[in-house]
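What the coordinates show
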Amino acid sequence: MTDWQRLEQVIKWTGLSTNAFATGIGLKRSENLYQIKRGNNRISKNLAELIVRRYGAVNRAWLLTGEGEMLDEAVGGAGVAAGGLSANAAAGGSGGTGRGMIPYYNMDAVRFVGERPAGCVPAYYLQVPGFGDCDFAAAVTGEAMAPEVPPGAVVAVKEVDPTGPVLPGEIYLVVTAEFALMRYVRLDRRVAEGLWLVAAAGSEIEPVGVRRERIVRLYLVKGIVIRKVL
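Overview of the side chain of arginine 212
Mapped onto the elements, arginine 212 comes out in the loop between strand 9 (208-211) and strand 10 (215-227). One buried charged side chain, arginine 212, makes no salt bridge at all; its nearest oppositely charged neighbour is glutamate 193, positioned 4.1 Å away. Once you skip the residues sitting within four places of it in the chain, arginine 212 turns out to touch Pro162, Thr163, Gly164, Pro165, Val166, Glu193 and Leu195.

As structure tokens, then:
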């Protein structure tokens, strides 16, 4: 796999355009990436560092050499639990595959629950103490929930009944026929069965109102893992 093929794989994983990806990692000009595409440059250590700093789940060694996997398999063991973990994360349990093993999918979490791609298999399995009874884990590439869920963090989630009780103030992945979002969920007291989907404090993203009957799938974020960048 060439340097560009590896870089392109990461860009596709984030769901961004090449230009947006370049801006997101702090490059002033996307031309630096296009030079790699043309075969004129290779992925430098500085570029790899920018990518890993922004998307902590990406394997720096793989970016530079092609050895190993795109996403760091140590993300579960080497990570630290985010301070804003759901209280449910301490409940324990057997996890998605028994003994706390959680299937990890090599896709953005919001994109995964929105598309539910047929035939998608786990890239590997994570074992994170305390994240029991989770259906799957996936990385986050968007910024709507930063700093609690920064780009590169991995979320472990559990599918719940869309018509059942919700925990106001917790983070959910919400899927309707029109959109898929990761947001805090708050009750809309002015509308029967209404919810507000709210981005992190300080975000300029406007809250989204939704009625419960429009939700087709609902996932509670039970755990957040942030990979340490050395």
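With respect to the nonpolar core
Leu7, Val10, Trp13, Phe21, Ile51, Leu63 and Tyr104 are the most contacted members of the largest nonpolar core, which has 33 residues in total. The biggest single contributor to this core is helix 1 (residues 3-14), with five residues. Each residue touching tryptophan 13, except ones within four places of it in the same chain, is listed here: Tyr55, Ala57, Val58, Met70, Leu71, Asn106, Met107, Asp108, Ala139 and Thr141.

Section: the pattern of salt bridges
Evaluation of the coordinates by the stated rule reveals 13 salt bridges. A salt bridge links glutamate 8 to lysine 12, with the shortest nitrogen-to-oxygen separation between them at 4.0 Å. Here lysine 12 and glutamate 8 lie together in helix 1, a separation of four residues that amounts to about one turn. The class for glutamate 8 is partly exposed, based on a relative accessible area of 29%. Several salt bridges share partner residues, and in doing so they unite Asp133, Asp135, Lys158 and Lys222 into one network.

Quick look at the side chain of arginine 6
Along the chain, arginine 6 turns up in helix 1. A relative accessible area of 2% means that arginine 6 is categorised as buried. Setting aside residues up to four positions removed in sequence, arginine 6 forms contacts with Met1, Arg42, Ile43, Trp62, Leu63, Leu64, Thr65 and Gly66.

Describing the layout of surface pockets
Taken as a whole, the largest pocket holds about 210 Å³ of empty space. Asp108, Val110, Thr141, Gly142 and Glu143 are, among the 15 residues lining the largest pocket, the residues nearest its centre. Per element, the largest residue contribution to the lining of the largest pocket is three residues, and it comes from strand 7 (residues 180-188). Its residues assigned to classes, the lining of the largest pocket shows eight nonpolar, four polar and three charged.

Parameters at a glance
Residues numbered from 1 in each chain as written. Predicted model: local features only at pLDDT ≥ 70, side-chain atom pairs only at ≥ 80, totals over all residues. Heavy atoms only, no water. Helix = DSSP H or I, 4+ residues; strand = E, 2+ residues; numbered from the N terminus. Buried < 20%, exposed > 50% of the residue type's maximum accessible area, 1.4 Å probe, protein only. Lys, Arg positive; Asp, Glu negative; His and termini not counted. Salt bridge = Lys/Arg side-chain N within 4 Å of Asp/Glu carboxyl O. Contact = heavy atoms within 4.5 Å. Core = buried A, V, L, I, M, F, W, Y, C linked by side-chain atoms within 4.5 Å. 1 Å grid on protein atoms, 1.4 Å probe; cavity = no way out; pocket = protein on both sides within 12 Å on 5 of 7 lines; lining within 4 Å. Points joined across faces, edges and corners; volume = space filled by probe spheres on them. Nonpolar A, V, L, I, M, F, W, Y, C, P; charged D, E, K, R; others polar.

Keep in mind these numbers describe shape, not what the thing actually does.
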